[in-house]
Structures are given as structure tokens and as C-alpha cells.
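# Breakdown of the fold
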Amino acid sequence: MLSIIIPCFNEEGNVAEAAEVLKDTLTSADIEYELVFIDDGSKDRTRQKVEELHATHPVSLYSFSRNFGKEATIFCGLKHCTGDCAVIYDCDMQFPASTIVEMYRKWCEGYLVVEGIKKECQRESAIKKWGANGFYSLLKKSGKIDLRNATDFKLMDRKVIDTLNSMPERETFFRALSSWVGFTSCRIEFEVEDRKNGVSKWSFISLVRYAITNLTSYTFLPLQATTVCGIIFLVLAMCTAIYLVYQLLMGQVINGYTLVVFTILMSSSILMIALGVIGLYLAKIYRELQQRPRFIVEKEVIRK
């Protein structure tokens, strides 16, 4: 059986249509399935819309007490799905349902992870592409994880799901973790479709915050960068000291007010950045030690 994990946040306009599209696609392909909706503390009627589907579809619903973020919804779905394999599917239907059938066939061939990869030609702004490529390049160089054009749209065998569920960390990055665990995998390219209803919940600020969180979770690049900045500043300081000594030996007096101010500002900036980066890692350690749950389920509706 195939579990379809569907994270939702204010998606009342897409829930019913997504369920129908998946039903038509998977039934025609003769694939037994279940739909696992995860409501991430929606403020609209998303929960009610999913509950209405319970009588006519193999639907389970897990509704959070508040908004915990997409990572929490994915791992909640992985924890509660009962299929032999599972796929993550966005409720906005930008992932083509027909690709799920291709993924399922690949799983039947023996692949434990089937990744959905966006085709290169996408309708994204140049700034967003530049930012995403920069993030993935940093992650690849520092964390040895290649996520270029990767998405959350992937199918995983029960063995992979159990492995991910066994990981105790609280701050998770599903795309990176599902690649880090290894297992026999393959890739399927797909075209991102237009969003059916509503607008994206990802703002520029939330994307930047998401990138920083995940970069510090899987690499030590920020710490290494501050070290490099310190070395560069040390070299500049030594060169400046040699120049000043030379000028004194030559009998020339230099007005050092501007140089002193510049040096103080430069060194203070590097120190503050370094303290900020260290504080960020300490905060992540503190949150892990608190052992708070990744999510809190307020209401459950289990499929029939």
C-alpha cells in the first residue's frame, strides 16, 4: 500500500480537488493507497474540508494545536502513515499526480528512495534561482549533500521511513536527511505545475530563515567562515603593523586616527559576527536538550 502524506496550511480551496485527483490517478493505476493529511494549525476551514472527505476517501487527519512548520508536518506524516511506502505530496497540486505512479513503479523495481527532481526550466524569478543555487552550492561543498533541483516530492520505502523516524533530533531538514541516510535511490524529473488555488505561504524572509536554520543544522560553514575572516583580518593587521614600523624607521609620522577607527570597527564587527554565529549554534543545542516534541496533535481522524 502507498501512503500519500499531504501537509496543509490554509488550503481549504485545494483539499477536495487534491483528494479527487489522487483518487482518480491511483485508482486507474490499480494502486492501493491512503491519504494522510497533516493540518499545520490552519486558520481557515482546512480541517473541516478534510473531515468531509473521510466518508468517501481513505483519509486520515492529524491536526496540530498551532503552526509548527512544514518539517513537522512531514515527520508527523511519516510517523503515522501505515503504507509499505510513502510519498510527500503538496496540497497545492504543483507536483503532478501522474509522477507518483512512475515513482511507485520504480519502487516496485527495488528502489528504496525515488526522488522527484524539478526540470531546469522553471518559472522562478532570477533572484530566487540565484538564492537557491547559492544555498545548495554551500550545502554541497560543506555538507557533501547535493540538493540541486531537489524537492520534498519523493517516495520512500518503509525501511527508509522507519530509519527517519528513529532519528531523535528535533530540528530537521527532510530533504537533507532523506539524502543523508543513503539507500538505493533513483531520480525522476517532473515539471512543476501551476498552483490551483491560493498563494504560496513562503515569503522571502521565511525562505531566508529556513535556509539559515538548515545550513547551521547540517554544516559548520558559518563557524568556519568567521575563522577565515579572523585570519584575513590578522594578516591585514600584521601588514599594517609592518608598514607603520617601516614609516617610523624612515622618520615619517603618520596621522593614525582614521586607521585606528577603521581597525576598531573592523575587529569589533568580526567579533560580533563570530559571537552571533556561536550563539546560533548554542541556541540549537539548547533547543535539542529541551527535548520538546516536534509537533502537538490536537485532533485525529483515523481512516476507515
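Report on the accompanying structure. Computed from a prediction, not measured in an experiment: that's the story for all the values here. Per-chain numbering applies: the sequence of each chain, read as written, is numbered from 1 onward. In view of the model being predicted, local features appear only for residues whose pLDDT reaches at least 70, and side-chain atom pairs are presented and counted only at 80 or more, with totals across whole chains, interfaces and linings using the full set of residues. Each side-chain value is worked out from all heavy atoms of the structure, with water and hydrogens disregarded.

### A look at the packing of aromatic side chains
For any pair of aromatic rings, the description consists of the separation of the ring centres together with the inter-plane angle of the planes. Any pair of Phe, Tyr and Trp rings, taking the six-membered ring for Trp, is counted once the centres come within 6.5 Å. Such a pair is stacked with planes under 30 degrees apart, edge-to-face with planes over 60 apart, and tilted for the rest. Counted according to the given criterion, the structure contains 7 aromatic pairs. Centre to centre, the rings of Y89 and F153 are 6.4 Å apart; their planes meet at 65°, and the pair counts as edge-to-face. On the criterion of sequence distance, the pair formed by Y89 in the loop between β4 (85-88) and α4 (97-108) and F153 in strand β6 (residues 150-157) is long-range, its members being 64 residues apart. One exposure class covers both Y89 and F153, and it is buried. Seen in terms of ring centroids, F95 and F153 are 4.5 Å apart; in terms of plane orientation they differ by 10°. Their pairing is stacked. Residue F95 is found in the loop between β4 and α4, and its partner F153 is found in strand β6; the two are separated by 58 residues along the sequence. Neither F95 nor F153 differs from the other in exposure class; each is buried. Directly above the ring of F68 sits R66, whose terminal nitrogen or CZ lies 3.9 Å from the centroid. A ring is scored as having a charge over it whenever the NZ atom of a lysine or the CZ atom of an arginine sits within 6 Å of its centre and within 35 degrees of its normal. Sitting above the plane of the F75 ring, R294 keeps its charged end 4.7 Å from the centroid. Secondary structure follows DSSP: runs of H or I at least 4 residues long count as helices, runs of E at least 2 residues long count as strands, and numbering of each begins at the N terminus. Relative accessibility under 20% of the residue-type maximum defines a buried residue, over 50% an exposed one, and the middle range a partly exposed one, all with a 1.4 Å probe and only protein chains included.

### Quick notes on the pattern of salt bridges
Within this document, salt bridges are pairs made up of a side-chain nitrogen of Lys or Arg and a carboxyl oxygen of Asp or Glu, the two lying within 4 Å of each other. Taken as a whole, this structure holds 8 salt bridges when the rule is applied. Salt-bridge contacts for R47 lead to E298; the nearest nitrogen and oxygen are separated by 3.6 Å. Within this pair, whereas R47 is found in helix α2 (residues 46-53), its partner E298 is found in strand β8 (residues 297-301), the two being separated by 251 residues in sequence. For E51, the salt bridge goes to K299, with nearest N and O atoms at 2.6 Å.

### Regarding the side chain of T46
Locating T46 in the fold gives a position in helix α2. N or O atoms closer than or at 3.5 Å make up a polar contact, with two conditions inside protein: a donor-capable atom paired with an acceptor-capable one, and, for residues adjacent in sequence, both atoms drawn from side chains. Among the polar contacts listed, one links the side chain of T46 to the side chain of D44, at a separation of 2.6 Å. If near-sequence neighbours (up to four positions away) are discounted, T46 is found in contact with C8, N10, E11, E12, V15 and D39. We call two residues contacting when some pair of their heavy atoms lies within 4.5 Å.

### Remarks on helix α1 (residues 15-28)
Count 3.6 residues to each turn of an α-helix, and residues three or four apart come out pointing the same way. Any helix carries an expected span of 1.5 Å times its number of residues minus one. Between its first and last C-alpha atoms α1 spans 20 Å; for 14 residues at 1.5 Å apiece the expected length is 20 Å, and the two agree. Buried residues of α1: V15, A18, A19, L22, T25 and L26, and no others. Looking straight down α1, one finds its buried side chains confined to an arc of 140°; they lie on one side. Facing away from the buried side of α1 by over 90 degrees, the exposed positions are D24, T27 and S28. Within this analysis, the arc is defined by the directions that extend from the helix axis to the C-beta atoms.

### Quick notes on the pairing of strand β2 (residues 33-39)
With 7 of its 7 residues buried, β2 lies for the most part within the structure. Criterion used throughout: strands pair if DSSP finds at least two bridges between them. Taken together, the 7 bridges between strand β1 (residues 2-8) and β2 define a ladder with parallel strand orientation. Its bridge partner being in β2, I4 is matched across the sheet by L35. For the handedness criterion, the β-α-β arrangement of β1, α1 and β2 is classed as right-handed. Pairing between β2 and strand β3 (residues 59-64): 5 bridges, direction parallel. Within the sheet, the bridge partner assigned to I38 lies in β3 and is Y62. A clockwise course of the path from the first strand over the helix to the second, judged with the strands pointing away from the viewer, identifies a crossover as right-handed. Handedness of the crossover is the feature at issue here: the chain leaves β2, passes through α2, returns alongside β3, and the resulting connection is right-handed.

### Considerations on the packing of helix α3 (residues 70-80) against helix α6 (residues 158-165)
Axes, fitted as lines to C-alpha atoms, cover a helix only where it is in contact. Angles between the N-to-C directions of the axes lie from 0 to 180 degrees. Contact geometry of α3 with α6 gives a least axis separation of 9 Å together with a crossing angle of 120°. As far as their axial angle goes, α6 and α3 are oblique. As for how α3 packs across α6, the hand of that crossing is left-handed. Each of F75, L78 and K79 in α3 lies in contact with α6, whose residues at this interface are R158, I161, L164 and N165. Taken together, the residues of the contact of α3 with α6 break down into 4 nonpolar, 1 polar and 2 charged. Orientation is classified from the angle alone, with under 35 degrees giving roughly parallel, over 145 giving roughly antiparallel, 65 to 115 giving roughly perpendicular, and any other angle giving oblique. Left-handed describes a crossing whose near helix is turned anticlockwise from the far helix by less than a right angle; the clockwise case is right-handed. Polar here means any residue outside two lists: the nonpolar Ala, Val, Leu, Ile, Met, Phe, Trp, Tyr, Cys and Pro, and the charged Asp, Glu, Lys and Arg; Gly therefore counts as polar.

### Section: α4
Look at α4: 18 Å from first C-alpha to last across 12 residues, which is about the 16 Å you get at 1.5 Å a residue. Burial in α4 covers these residues: A97, T99, I100, V101, M103, Y104 and W107. Trailing α4 by a residue or two, G110 shows a phi angle of about 120°, which is positive.

### What about the packing of α1 against α2?
Describing two packed helices takes the angle between their axes plus the distance from one axis to the other. One way to put it is that α1 packs onto α2 with a least axis distance of 9 Å and a crossing angle of 35°. Only T46, K49, V50 and L53 of α2 make contact with α1, whose side of the interface consists of V15, A16 and A19. Classifying every residue of the contact of α1 with α2 gives 5 nonpolar, 1 polar and 1 charged.

### Quick look at the nonpolar core
Counting residues in hydrophobic clusters, the biggest one holds 38 residues, and the most contacted among them are L2, I4, L35, F37, Y89 and I100. Examining the composition of this core, we find that 6 residues originate from one element, α4, more than from any other. When neighbours within four sequence positions are excluded, I100 is seen to be in contact with L2, I4, L22, L26, V87, Y89 and F153. We call a set of buried residues a nonpolar core when its members are Ala, Val, Leu, Ile, Met, Phe, Trp, Tyr or Cys and they connect through side-chain atoms within 4.5 Å of each other. I38, A72, L78 and I88 belong to the second-largest nonpolar core, a separate cluster that totals 25 residues.

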